[in-house]
Amino acid sequence: MGEPRLIEISPVTRVEGHGKVTIHLNGNNEVDEARLHIVEFRGFERFIRGRLLWEVPVIVQRLCGICPVSHHLAAAKAMDVIIGVDELPPTAEKMRRLMHYGQVMQSHVLHFFHLAAPDLLFGFGAPAEQRNIFEVLKEQPELGRRAILMRKFGQDIIEATAGKKIHGTGAVPGGINRNLPIERRDAFLGVIDEMEEWADAALALARDYTLQHAMLVEGFASFPSNYMSLVRKTDGALDLYHGDLRAVTAAGMPIFDRLDYSRYHDVLVEDVRSWSYMKFPFIKDLGPASGWYRVGPLARMDTVDFIGTPKANAARNELMAVTKGAPNNSILVNHWARMIEVLHCIEMIRDLLHDPDLQGTELRATGERREEGVGVIEAPRGNLIHHYCVDERDQVTYCNLIVSTTHNNEGMNKAVKDVAVQHLSGQAQITEGMLNHVEVAIRAYDPCLSCATHALGQMPLQVELFDAAGGLLDRRSSAT
Amino acid sequence: MSGFTFTIDGTEIAAEDGQTIMEAADAAGVYIPRLCDHEGLRHQGGCRVCTVKAGGRSVAACTQPAAPGQTVESETPHITKLRRDLVEMLFHEGNHLCPICEASGNCELQAMAYRLNMTAPTKFPYLEPCRAVDASHPDIALDTNRCISCGRCIRASLDVDGKSVFGYVGRGIHRRVAVNGSDLAHTDAAITDHAVSADVCPVGCIIRKRTGFTTPIGEREFDHGLIGRKIEEKRRG
Ligand code: SF4
Ligand code: SF4
Ligand code: FES
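Rules behind the numbers
- Residue positions are given per chain, counted from 1 along the sequence in the order it is written.
- Chains carry letters from A onward and ligands carry numbers from 1 onward, assigned in written order.
- Given that this is a predicted model, residues contribute local features only at a pLDDT of at least 70 and side-chain atom pairs are listed and counted only at 80 or more, while totals for whole chains, interfaces and linings are drawn from all residues.
- Only hydrogens and water are set aside when side-chain values are computed; all heavy atoms of the structure are taken into account.
- Each helix is a run of DSSP H or I of at least 4 residues and each strand a run of E of at least 2, with the numbering of both proceeding from the N terminus.
- Classification of residues uses two cut-offs on accessible area relative to the type maximum, computed with a 1.4 Å probe and protein chains only: under 20% is buried, over 50% is exposed, and between them is partly exposed.
- Whether a residue is near a molecule or strand depends on its heavy atoms: if one lies within 4 Å, it is near.
- Throughout, the ten residues Ala, Val, Leu, Ile, Met, Phe, Trp, Tyr, Cys and Pro are labelled nonpolar, Asp, Glu, Lys and Arg are labelled charged, and all others, Gly among them, are labelled polar.
- Helix axes are fitted to C-alpha atoms over the stretch in contact, other axes to C-alpha atoms as well, and angles between N-to-C directions run from 0 to 180 degrees.
- For classification purposes, angles smaller than 35 degrees are called roughly parallel, those larger than 145 roughly antiparallel, those between 65 and 115 roughly perpendicular, and all remaining angles oblique.
- In this scheme the crossing of two helices becomes right-handed for a clockwise turn of the near helix relative to the far one and left-handed for an anticlockwise turn of less than a right angle.
- Here a salt bridge means any side-chain nitrogen of Lys or Arg lying within 4 Å of a carboxyl oxygen belonging to Asp or Glu.
- Strands qualify as paired when DSSP identifies two bridges or more between them.
- Domain segmentation is taken from an automatic or database assignment of domains.
- In what follows, a contact means two residues having at least one pair of non-hydrogen atoms within 4.5 Å.
- Once two parts are brought into contact, the accessible area they lose, counted with a 1.4 Å probe and summed over both, makes up the buried area.
- Under the rule applied, a polar contact is a pair of N or O atoms within 3.5 Å (in protein, one hydrogen donor and one hydrogen acceptor; residues adjacent in sequence only if both atoms are side-chain atoms).
- By this rule, a helix spans an expected 1.5 Å times one less than how many residues it contains.

Trainee: Is there a simple way to think about the overall build of chain A in this case?
Mentor: Broken down by element type, chain A carries 16 helices and 15 strands. For chain A, buried positions account for 61% of its 480 residues.

What follows is the structure, given as structure tokens:
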């Protein structure tokens, strides 16, 4: 390990991963403005132009090292539309779903155990030396072991469906390039009971934490907002792979529902602000001031009617009971929601493994070429939109991506300000513990910032404190 | 036809009159790395990846005739380094982003880099060409940023297909492969041409449309082993 160093955060071309918080104080040292700046990957939208359509799912997954499968599948779904395929052969759709559930599960497990658990186990203000996965392993070795093996299970599923654990090539326009060999299926079935048992335990842990810390959870960067996610076309159930768009208000009232996602532009507008590289989307009808919304695991719990797998559905009912069925606005409840989804993924994976379609040999379909295609998926961190136009030469001419972290931009900024006001207002010095409160708020959204975490449990996040005259009072970098 | 023997790295190789060092070596199950030479096509002797030392002189094994009693060095540390440098220069000359390239796993350049233990190409400056992809043809596309100027497509088009779809233009460092028309759609190229078959272009420059990434990882040519292994298997029996 090298010497501690300050991470310089500047708007460079890195994918996700880099964040900076700036906090402006007024004459009384009170927080005037607090912002999270994220350097985004708009470059992809530009340099994908001119590339060939079947390359796109493989290229754009490089946006991310934690949830590449989401980008891979969202792009493949858009390309299905472009090559004129509205319905995949069952083997293709089910292999893709399997890949996706493996992905969501491993990403949530990574976030909960490796990134969030240190905060939850040791407290937000605990010494930095303690807030890492190694301390979790020391304190709770069995928990740590399960975290690693559950993540491995998800990654093995990805490997079996995409050829590699990270950045594989499974989905191709119109289908998939492989089916699931019986030996692989049986190996997964051999451990699925154990995975379910561990998912139950992780869920109980997240639920108990939330219920036991109700005061903290309700008070911490908790505020009402609109929510958006895909819901299953037929019945409004949770569907992480496919569906229609639905948005609800903080009170649970519908804003739009059963909207074909290819029409996302009819309901969403992407706002630009001079100080951030990331756009601020909002719901058109509600306007920028009140039209912002959140996506992600908790947003999904808040928008769907139910979950189609029994255990996860029962768990969701328990979560929704806390707010008597109304949307839950407490950002820390995301951890609970995430573990419900882990259980849902395991239930779905089990069902899929028993489905003989996974051994089918019809892998791809073709159709009549179209010029434009939208692919939307519920990624671990929330709704993900990919939109492309492709010319008659098969070359991309237009690309627009709205990733989960972008949907949550306003929400994260509000959370940062909330926490800054609560914990930093009136202080001329920032302690590491205070800084971590800001991080906890951001981390609860599980933004893809965490991609760039070079030391477990830490983000290359920098907080700067300015006085009323704009002078820099103090600077703290969480990265060492 | 009369036969004779010579040695490669101390192994005795039987040869016939008129055979090149590489042809005799292939028949004996001794693999000499190569990129521009290809079965069924005229020898070109362009890439120099097949460089060996015969009687102390550096020669291209794909064009140099074998000679009785000759002592040939091939896999010495010096020659291997030379070959690796040549391959590395090819990476610097084009834009080789293997992780997103549909030739990955089937690409001879990539496979050669693996065989020669090339790690990241860092020695030389990148030329970073910026050539537009020619996707004008309904079934074929060209990404010449990946072309290594091996000339295999040129020889295949001329000698096998009886066409001249591909040819060299420019001189020296500016020499590169171009098509015989304003773009590929304005040539007589057809998907059935040998020149555009999956076999001829060693890299991901000539692209057969709509086939990319359909072979799963694990089933691609070089997922099964190193380049040259098929020749070497002959020797092991
Ligand atoms: S042509 Fe070969 S070496 Fe070049 S990017 Fe493609 S796979 Fe890599
Ligand atoms: S297009 Fe392919 S076959 Fe032709 S010269 Fe370039 S690399 Fe060789
Ligand atoms: S293979 Fe001999 S020079 Fe290219």
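Trainee: For this particular structure, what's the right way to read the site of ligand 1?
Mentor: The full set close to ligand 1 counts 13 residues, and His96(B), Cys98(B), Cys101(B), Cys107(B) and Gly204(B) are the nearest of them. Here the residues of the shell around ligand 1 are counted per class, giving 8 nonpolar, 4 polar and 1 charged.

Trainee: Got a minute to help me understand the packing of helix α7 (residues 182-212) of chain A against helix α13 (residues 334-353) of chain A in this structure?
Mentor: Residue and element names in this part refer to chain A. Orientation of α7 relative to α13, taken along the N-to-C sense of each, is 160 degrees, at an axis distance of 8 Å. Accordingly, the angle class assigned to the pair α7 and α13 is roughly antiparallel. The way α7 lies across α13 gives a crossing that is left-handed. When the residues that make up the contact of α7 with α13 are grouped by side-chain class, the tally is 17 nonpolar, 2 polar and 6 charged.

Trainee: Whenever I open this one, the pattern of salt bridges confuses me. Can you help?
Mentor: Summed over the entire model, instances satisfying the criterion amount to 48 salt bridges over all chains. Two residues, Arg207(A) and Asp208(A), come together in a salt bridge whose shortest N-O distance is 3.1 Å. Residue Arg207(A) is classed as partly exposed on the basis of its relative accessible area of 23%. Given a relative accessible area of 29%, Asp208(A) falls into the partly exposed group. Ionic pairing is found between Lys163(B) and Asp193(B), a salt bridge with its closest N-O pair at 2.8 Å. With a gap of 30 residues between them, Lys163(B) in the loop between α4 (152-160) and β7 (166-169) and Asp193(B) in the loop between β8 (176-179) and β9 (206-208) connect regions that are remote in the sequence. Summarising the burial analysis for this pair, Lys163(B) and Asp193(B) share the class buried.

Trainee: Explain the site of ligand 2 to me, please; I cannot follow it from the model alone.
Mentor: Cys147(B), Ile148(B), Ser149(B), Cys150(B), Gly151(B), Cys153(B), Val177(B), Cys201(B), Pro202(B), Val203(B), Cys205(B) and Ile206(B) make up every residue found near ligand 2. Its residues assigned to classes, the shell around ligand 2 shows 10 nonpolar, 2 polar and no charged.

Trainee: Whenever I open this one, the sheet that holds strand β13 (residues 396-402) of chain A confuses me. Can you help?
Mentor: Consider a sheet: its strands pair through backbone hydrogen bonds, and that pairing is either parallel or antiparallel. All names here are of chain A. Spatial ordering of the open sheet is given by β11-β12-β13, a layout of 3 strands whose pairing is antiparallel. The open sheet has two edge strands with one neighbour each: β11 (372-379) and β13. Each strand of the sheet is rotated relative to its neighbour by a mean of 15 degrees, with strand direction disregarded. Where β11 meets strand β12 (residues 382-390), 8 bridges bridge the pair, whose relative direction is antiparallel.

Trainee: In this structure, what is going on with the domain arrangement of chain B? I would like to understand it.
Mentor: A common measure of how large an interface is: the accessible area buried when the components associate. Residue and element names in this part refer to chain B. When the domains of chain B are assigned, the result is domain 1 (3-75) and domain 2 (84-208). Taken over C-alpha atoms, the centre of domain 1 sits 25 Å from the centre of domain 2. Listed as interface residues are 15 residues of domain 1 and, on the opposing side, 23 residues of domain 2. Of the roughly 1400 Å² buried at the junction of domain 1 and domain 2 (both faces included), carbon and sulfur atoms supply 58%. Linking domain 1 with domain 2 are 2 salt bridges, by the criterion used here. Summed over the shared surface of domain 1 and domain 2, the number is 9 residue pairs in polar contact (both at pLDDT 80 or more).

Trainee: Can you walk me through helix α15 (residues 409-424) of chain A in this structure?
Mentor: All names here are of chain A. Compared with an ideal rise of 1.5 Å per residue, which puts 16 residues at 22 Å, α15 spans 21 Å between its outermost C-alpha atoms and is within 8% of the ideal. Those residues of α15 lying buried are Asn409, Glu410, Gly411, Met412, Asn413, Ala415, Val416, Val419, Ala420 and Leu424. Positive phi appears at glycine 426, one or two residues downstream of α15, with a value of about 85 degrees.

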